[in-house]
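# Architecture and fold: a report
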Amino acid sequence: MPQITLTAEIQPEQMGQRLDQTLAELFPEYSRSRLKTWIEAKQVKMNGEIADIPRAKVYGGEQIEISVEVEDENRFEPQNIPLNIVYEDDDIIVINKPKDLVVHPGAGNPDGTVLNALLYHYPPIAEVPRAGIVHRLDKDTSGVMMAAKNDAAHLGLAEQVKEHSAKRTYWALVQGNIVEEKGTIKAPIGRHPKDRMKMAVVFENSKDAVTHFKVLERYGHQTLVECNLETGRTHQIRVHFAHIGHPVVNDPFYGYRRMDFPIEGQALHSRSLDVKHPITGKDMHFEAPVPADFEACLEFAKTYREDKRK
């Protein structure tokens, strides 16, 4: 596996944070769990000294150096998996991810992922960390997502994700009638204290999370909302709407199944993405149309509402 060295300076506004949380913000292309592993393996130095306690507090101004061997994306097999390409040039690729397609190989999903498809579609992307993937969608969340085709583009896109300047807009069909026309859910998210497979609104070992939403249509027993993420936490929309009592329709983790909606998995779709091109600086807007099963859910909710009115 190739050896890499990562360097950064901890920012003043990060004062008081845990070391593993801070590194996750400084190096968003790597997961917090992986960074925690590197800390515990004594592969992280702070001001030249080994820092091996993930929960250690930082003060701002410290110099970070991480020297590690990273996974070589060449170890993953390129696979001829069709990609619905929304846009592509020499630097970036934007796709409309379907449901049931995992983004990155992992436990239980060693292949058959977006990453495997990208390696087949554009083999040089194997030289870019995570095959250029800078943000993920859950397996059952459809819609627009982007990847970088070279290191310069990857750095530029990852920086926009880190600074939250990349605007991601989602549509979600949620349970219940949301009375407000628009609102903001501001609640920290971390691992569920009892079920480590789930996330939850918790106030220890968590990260700030902010979701803005507006109502697009009400169906009486369900509401269609448009969401903009100010932060990008794992399962953020799903956790936040469950937290306020309006879980995403058909969500297997955070919701309930009281009606037989014609969809597998949660009714959540990544509708659009606004970014600056990482090389040219041009403002770019990408959209992915709502898939047929999501449309079927909206029609189902509409028909149920009209039947109840009769």
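What comes next is a walk through the structure. Sequence positions are assigned chain by chain, starting from 1 and proceeding in written order. Where local features are concerned, this predicted model is filtered to residues with pLDDT of at least 70; where side-chain atom pairs are given and counted, the filter is 80 or more; whole-chain, interface and lining totals use all residues. Water and hydrogen atoms play no part in the side-chain values, which are based on all heavy atoms of the structure.

The rule is simple: take the accessible area with a 1.4 Å probe, protein chains only, and divide by the maximum for that residue type; under 20% is buried, over 50% is exposed, in between is partly exposed. Think of it this way: any DSSP run of H or I at least four residues long counts as a helix, any run of E at least two long counts as a strand, and we number them from the N terminus. Within helix α3 (residues 114-121), 6 of the 8 residues are buried, which leaves it mostly tucked inside the rest of the structure. Listed as buried for α3 are V114, L115, N116, A117, L118 and L119. What makes two residues a contact is simply this: any of their non-hydrogen atoms within 4.5 Å. Where α3 is buried, its residues touch β6 (92-97) and β7 (142-148). The term polar contact refers here to a pair of N or O atoms within 3.5 Å; inside protein, the definition further demands a hydrogen-donor-capable atom paired with an acceptor-capable atom, and it admits residues adjacent in sequence only when both atoms are side-chain atoms. One side-chain oxygen of the residue at the start of α3 lies 3.3 Å from the amide nitrogen of L115, identifying that residue as T113.

What makes two strands pair is DSSP finding at least two bridges between them. The strand order across the open sheet formed by 4 strands is β1-β4-β2-β3, and the pairing between neighbours is antiparallel. Each end of this open sheet is capped by a strand with a single partner; those strands are β1 (3-9) and β3 (49-50). Across 7 bridges, the pairing between β1 and strand β4 (residues 63-69) is antiparallel. Its bridge partner lying in β4, T5 is registered against S67. Note on definitions: angles span 0 to 180 degrees between N-to-C directions of axes, and those axes are lines fitted to C-alpha atoms, for helices only across the stretch in contact. This element, helix α2 (residues 32-40), spans β1, β2 (44-46) and β4 of the sheet and lies at about 95 degrees to β4.

Right, let's get into the packing of aromatic side chains. Side-chain rings of Phe, Tyr and Trp (the six-membered ring for Trp) are treated as a pair once their centres are within 6.5 Å; stacked means planes under 30 degrees apart, edge-to-face means over 60, and tilted covers the remaining angles. All told, the structure shown has 4 aromatic pairs when counted by the stated rule. Between Y87 and F286 the ring centres are 5.3 Å apart and the planes differ by 40 degrees, which places this aromatic pair in the tilted class. One end of the pair, Y87, is in strand β5 (residues 85-88); the other, F286, is in strand β16 (residues 283-287), and 199 residues separate them in sequence. F286 sits in the buried class, given a relative accessible area of 5%. Aromatic pair F213 and F241: ring centres 5.5 Å apart, planes at 65 degrees, arrangement edge-to-face. Of this pair, F213 sits in strand β13 (residues 210-218) while F241 is found in helix α5 (residues 236-243), placing the two residues 28 residues apart along the sequence. When its relative accessible area of 8% is taken as the criterion, F213 is described as buried. In this analysis the charged atom, NZ for Lys or CZ for Arg, is taken to sit over a ring once it is within 6 Å of the ring centre and within 35 degrees of the ring normal. Above the ring of Y122, the side-chain terminus of K149 is found at 4.3 Å from the ring centroid.

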